[in-house]
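Descriptive structure summary
Here is what each chain is made of, one letter per residue.
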Amino acid sequence: MATLMTVPELHQRLDAGERIVLLDVRWVLGRNDGHGNYLAAHLPGAVFVDLPTELADHAVPGRGRHPLPSPERFQEAARRWGINDGDTIVAYDDSGSMAAARAWWMLRNAGAKAVYLLDGGLAAWRAAGYRLEAGEVTAVVGNVSLGDGRMPSITEQEASHWSRQGILLDARAGERYRGEVEPIDPRAGHIPGALSAPTTGNVASDGTFLPAEELRHRFEFLGLDDNSNVAVYCGSGVTAAHEIAALEIAGFNAALFPGSFSQWSNNAANDVAVGDAPFEDAAVGPSGMSPADGSSVEA
């Protein structure tokens, strides 16, 4: 199944009267203006999705800052958004799909089949000159039945030895990977053995995903091939989902570490590496595998 839907395709399908559930997932770490921005202007018919309360449980040090909600809680939220079994769902935001990818991954993980990210999000819709609307949209409650476990994921224990059996990617900004700054989690650095692959390297300047061949080249540079066993983490499992979407576009399957670095760094028994290299004592060599730096809205 395709990962992305383009703005022209979405507009054409909506114009033809096709039923599509639109999810507006505007959220950026450290800000709380997503809902206000949604009320000011959003795609016609789009329902607002509140990431901290609907796509996560309350922060728990042992589970991370954005633990996945129970399947029951998530199903309740999805029905509140108006989703029925068999619906086509398109999620978008205004930050290069960095937040919307969380909804995409969770819906795919729960068994929804026709789930897409709107490539370029709100900015691409605006640039095309298509109509926006203001105000709250309250959907008719849906009847979707959701499950769990349809997308691969790994535990904290598996993350501790993942680099011995595969490739572990750190999707955070390069300076957080290196341990130069850490604005929110208890310790700075990265999971030993992880390679730096900031999510900002997945998108063009307009917020659309890079072409599949460019993404594939990016991940091949990090050592991936068709037989690679890949897992991804970020700060709290939000933008790691974006990396998984980019990997899928490039033709790779990857598992998510939902608790990510916020869970890892809260456990004093876990080592944390700093610097360019996957391991703290690897001063040279592997450091060349880290791509260009980047900042992100990641959490």
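Now for a quick tour of the structure. What you see is a predicted model; the values in this text were computed from it and never measured.

**A word on the sheet that holds strand β2 (residues 20-24)**
- Spatial ordering of the open sheet is given by β1-β5-β4-β2-β3, a layout of five strands whose pairing is parallel. The sheet is open, and its two borders are formed by β1 (4-5) and β3 (47-48), each paired with just one other strand.
- Pairing analysis gives two bridges linking β1 to strand β5 (residues 115-118), with the strands arranged parallel. Following the sheet pairing, Leu4 is matched in β5 by Leu117.
- Strand contacts of helix α1 (residues 7-15): β1, β2, β4 (88-92) and β5, with the helix running at about 130° to β2, the strand carrying the most contacts.

**With respect to the pattern of salt bridges**
- All told, the structure shown has 21 salt bridges when counted by the stated rule.
- A salt bridge links Asp87 to Arg19, with the nearest nitrogen and oxygen atoms 2.8 Å apart. On the criterion of sequence distance, the pair formed by Asp87 in the loop between α4 (71-80) and β4 and Arg19 in the loop between α1 and β2 is long-range, its members being 68 residues apart.
- You can call Arg19 partly exposed: its relative accessible area is 46%.
- One salt bridge connects Arg80 with Glu76, and the closest N-O pair in it is separated by 3.9 Å. Here Glu76 and Arg80 lie together in helix α4, a separation of four residues that amounts to about one turn.
- Judged by its relative accessible area of 40%, Arg80 is partly exposed.
- Looking at Glu76, the relative accessible area reads 52%, which means it is exposed.
- Because the salt bridges share partners, they merge into one network encompassing Arg65, Asp170, Arg172, Arg176, Glu182 and Asp185.

**Focus: the packing of aromatic side chains**
- Within this structure, the stated rule accounts for three aromatic pairs.
- With a centroid separation of 5.3 Å and an interplanar angle of 45°, the aromatic rings of Tyr38 and Phe48 are classed as tilted. With a gap of ten residues between them, Tyr38 in helix α2 (residues 34-40) and Phe48 in strand β3 connect regions that are remote in the sequence. Each member of the pair, Tyr38 as well as Phe48, is classed as buried.
- Seen from their ring centres, Phe74 and Trp81 are 5.9 Å apart, and the 75° between their planes marks the pair as edge-to-face. Of the two residues, Phe74 and Trp81, neither departs from the other in class, the shared state being buried.
- Looking at Arg172, its charged tip hangs above the ring of Phe261, at a distance of 4.3 Å from the centre.

Scoring rules and cut-offs
Residues numbered from 1 in each chain as written. Predicted model: local features only at pLDDT ≥ 70, side-chain atom pairs only at ≥ 80, totals over all residues. Heavy atoms only, no water. Pairing = 2+ DSSP bridges. Helix = DSSP H or I, 4+ residues; strand = E, 2+ residues; numbered from the N terminus. Contact = heavy atoms within 4.5 Å. Axes fitted to C-alpha atoms, helices over the stretch in contact; angles between N-to-C directions. Salt bridge = Lys/Arg side-chain N within 4 Å of Asp/Glu carboxyl O. Buried < 20%, exposed > 50% of the residue type's maximum accessible area, 1.4 Å probe, protein only. Phe/Tyr/Trp six-rings, centres within 6.5 Å; stacked < 30°, edge-to-face > 60°. Lys NZ or Arg CZ within 6 Å of the ring centre and 35° of its normal.

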